[in-house]
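Breakdown of the fold
Letter by letter, the chains look like this.
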Amino acid sequence: MFIENRQREESFTSPQEWPVPAASGKRPLSLNWLRKRMLSISPEEASFEKRGFRECDPASRQRLEKVGRTFLEGYHAALDDEDLVTLADGLGSIDAELRGFAFEGAAMGLTFLDLLSPRKKDRVVRFLKGPGADHIYMVHVGVGWALARLPWRMRRTITRLDPLLRWLVIDGYGFHEGFFHSRRSTEEHAVPRRLSGYAVRVFDQGLGRSLWFSLGADVERIPETINAFHKNRRSDLWSGVGLACTYAGGSDYDSVVRLREAAGKYWSHVAQGAAFAAKTRERARNMTDHTRMACDVLCGVNAGVAASITDSSLIELDAEGPEPDYEVWRRRIRTSFLMLNN
């Protein structure tokens with residue numbers, strides 16, 4: 001059991017507190033009201049100033065804040081119109097390079113609608129089977145954003161998802177906590193009490209992704225921050241950094257070279273994260289120059305080869321084995337890169 005049945009912890013963030021109870025003596029609040037008033041998130045929430053993130057290179061900040069705004073654009077699109085065809089058409093108009101973040105945000109919105117609706121609760125599953133299929137990895141991560149705010153619904157939601165990829169929901173949970181609760185997660189090194197066992201490691205991969213944002217893609221501060229964590233957590237944090245660097249971008253060639261050097265013995269974990277990013281973009285047909293560059297540096301192979309390694313590592317993956325299949329998958333990818341770069 002990787003999610004312990006504990007009392008809900010505080011994980012709500014501005015602008016509002018969730019969920020909203022029915023007002024005393026009045027009819028229950030409608031889902032439409034929740035969409036318009038209580039579920040809305042201001043674009044300012046994605047700004048470095050609002051989050052209290054450190055100052056960084058202006059170009060990196062501009063890029064990463066744009067990613068955050070695109071996520072919220074997809075989130076609000078799902079709240080405004082849950083019709084999946086209409087939603088997909090709107091998301092499809094977003095620049096291909098950033099589109100995956102919009103699908104991630106839409107998944108968060110659809111998850112909220114599923115969790116707060118008294119009847120219709122299959123929006124995310126239908127999205128995954130339909131227009132969200134090409135962005136399947138981003139959609140699972142987006143579900144994790146919602147569950148970070150409604151964590152007591154986590155077990156029920158996760159069991160409906162792909163047995164392998166549902167680990168990415170925990171990754172999304174980790175990113176959310178690092179992004180919205182940076183002091184608690186990054187400086188105090190807190191882990192949600194409801195997570196146990198291997199889920200903590202996947203949480204750290206998501207937390208590692210958030211470091212790319214909260215530290216402004218600063219390849220000097222990222223290693224210092226990771227080294228302050230217990231040594232048992234560092235490898236998964238590095239995996240997340242490699243994924244975010246490769247998928248989100250925001251850093252030049254020389255900086256990515258320094259990042260690989262700083263990773264040291266955790267290099268293969270960075271490469272595994274980068275390979276995940278390459279596969280995510282390959283499947284969505286939105287490969288970018290920064291993803292290609294990062295794979296060349298962090299993986300030692302091109303993005304196409306990196307993506308293919310994630311596929312070959314899935315062959316004969318035993319879901320009933322003693323280890324979580326997600327970890328077996330990640331380890332196989334790391335081993336492949338170690339062999340290729342010897």
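Residues numbered from 1 in each chain as written. Predicted model: local features only at pLDDT ≥ 70, side-chain atom pairs only at ≥ 80, totals over all residues. Heavy atoms only, no water.

Brief notes about the overall build of the protein
For clarity, the threshold we go by: Each helix corresponds to a stretch of at least 4 residues labelled H or I by DSSP, and each strand to a stretch of at least 2 residues labelled E; elements are numbered beginning at the N terminus. For every residue, the accessible area obtained with a 1.4 Å probe (protein chains only) is divided by the maximum for its type, and the residue is called buried under 20%, exposed over 50%, and partly exposed between those limits. Accessible areas in this description were obtained via Shrake-Rupley with a 1.4 Å probe; residue shielding takes into account the shown protein chains only.
The helix and strand tally for the protein stands at 18 helices and zero strands. In the protein, buried positions account for 58% of the 342 residues. When the accessible area of the protein is evaluated, it comes to approximately 14,900 Å², of which 48% is carbon and sulfur surface.

Regarding a negative patch on the surface
Under the convention used in this document: Note on patches: the residues involved have over 30% relative accessible area and no salt bridge, like charges join within 9 Å, and the nonpolar side chains Val, Leu, Ile, Met, Phe, Trp and Tyr join within 5 Å. The term salt bridge refers to a pairing of a side-chain nitrogen on Lys or Arg with a carboxyl oxygen on Asp or Glu at a separation within 4 Å. The positive count covers Lys and Arg only, the negative count covers Asp and Glu only, and His and the chain ends enter neither. Charge positions come from single atoms, namely NZ of Lys, CZ of Arg, CG of Asp or CD of Glu.
A cluster of acidic residues, D80, D81, D83 and D89, forms a negative patch at the surface. If you trace the backbone, D89 turns up in helix α4 (residues 84-92). You can call D89 exposed: its relative accessible area is 58%.

Re the packing of helix α13 (residues 231-248) against helix α15 (residues 267-284)
The cut-off we apply is this: Throughout, an axis means a line fitted to C-alpha atoms (over the contacting stretch in the case of helices), and angles, computed between N-to-C directions, take values from 0 to 180 degrees. Crossings are sorted by hand: turned counterclockwise from the far helix by less than a right angle, the near helix makes the crossing left-handed, and turned clockwise it makes it right-handed. Between two residues, a contact is recorded if the distance between any of their heavy atoms is within 4.5 Å.
Across the interface, α13 lies against α15 with an axial gap of 7 Å and an inter-helix angle of 40 degrees. Two packed elements cross with a definite hand, and for α13 against α15 that hand is right-handed. Side by side, α13 and α15 meet where S235, W238, S239, G242, L243, T246 and Y247 of the first sit next to H269, V270, Q272, G273, A274, F276, A277, T280 and R281 of the second.

Comments concerning the environment of Y75
By the secondary structure assignment, Y75 is in helix α3 (residues 58-80). Under the relative-accessibility criterion, Y75 is labelled buried at 0%.

Focus: α4
The cut-off we apply is this: Of all possible arcs, the one meant is that of the directions from the helix axis to the C-beta atoms.
Where α4 is concerned, the buried positions are L84, L87, A88 and L91. Taken around the axis of α4, the buried residues stretch over an arc of 95 degrees, which confines them to a single face. Projecting away from the buried face of α4 at angles above 90 degrees are the exposed residues V85 and D89. Residues of α4 that are buried sit in contact with α3, α5 (96-116) and α6 (123-129).

Some thoughts on unusual backbone geometry
A positive phi is found at H189, a non-glycine position, where the angle reads about 65 degrees. Positionally, H189 belongs in the loop between α10 (182-187) and α11 (198-214). H189 gets classed as partly exposed once you look at its relative accessible area, which sits at 24%. Despite not being glycine, E316 has its phi angle at roughly 55 degrees, a positive value. Within the fold, E316 resides in the loop between α17 (303-312) and α18 (325-340). On the basis of relative accessible area, E316 is assigned to the exposed category, the value being 74%.

Focus: the pattern of salt bridges
Any two side chains of opposite charge can pair, on the condition that their charged atoms come close. Summed over the entire model, instances satisfying the criterion amount to 24 salt bridges. A salt bridge links R123 to E82, with the nearest nitrogen and oxygen atoms 2.7 Å apart. Of this pair, R123 sits in helix α6 while E82 is found in the loop between α3 and α4, placing the two residues 41 residues apart along the sequence. Residues R123 and E82 agree in their burial class; the two are buried.

Remarks on the side chain of T225
Applicable threshold: Polar contacts here mean pairs of N or O atoms no more than 3.5 Å apart (in protein, one a potential hydrogen donor and the other a potential acceptor; neighbouring residues in sequence count only if both atoms are side-chain atoms).
Positionally, T225 belongs in helix α12 (residues 221-227). The buried category is assigned to T225, whose relative accessible area is 13%. Reaching out from T225, the side chain makes a polar contact with the backbone oxygen of R221 at a distance of 2.9 Å. Apart from residues lying up to four places away in sequence, T225 is in contact with T186, L211 and L215.

Quick word on the environment of I136
In this structure, I136 sits in helix α7 (residues 136-149). Considered as a pair, I136 and G100 are 36 residues apart in the sequence and their alpha carbons are 9.5 Å apart. In contact with I136, other than residues within four places in its own chain, are L128, L165 and R283.

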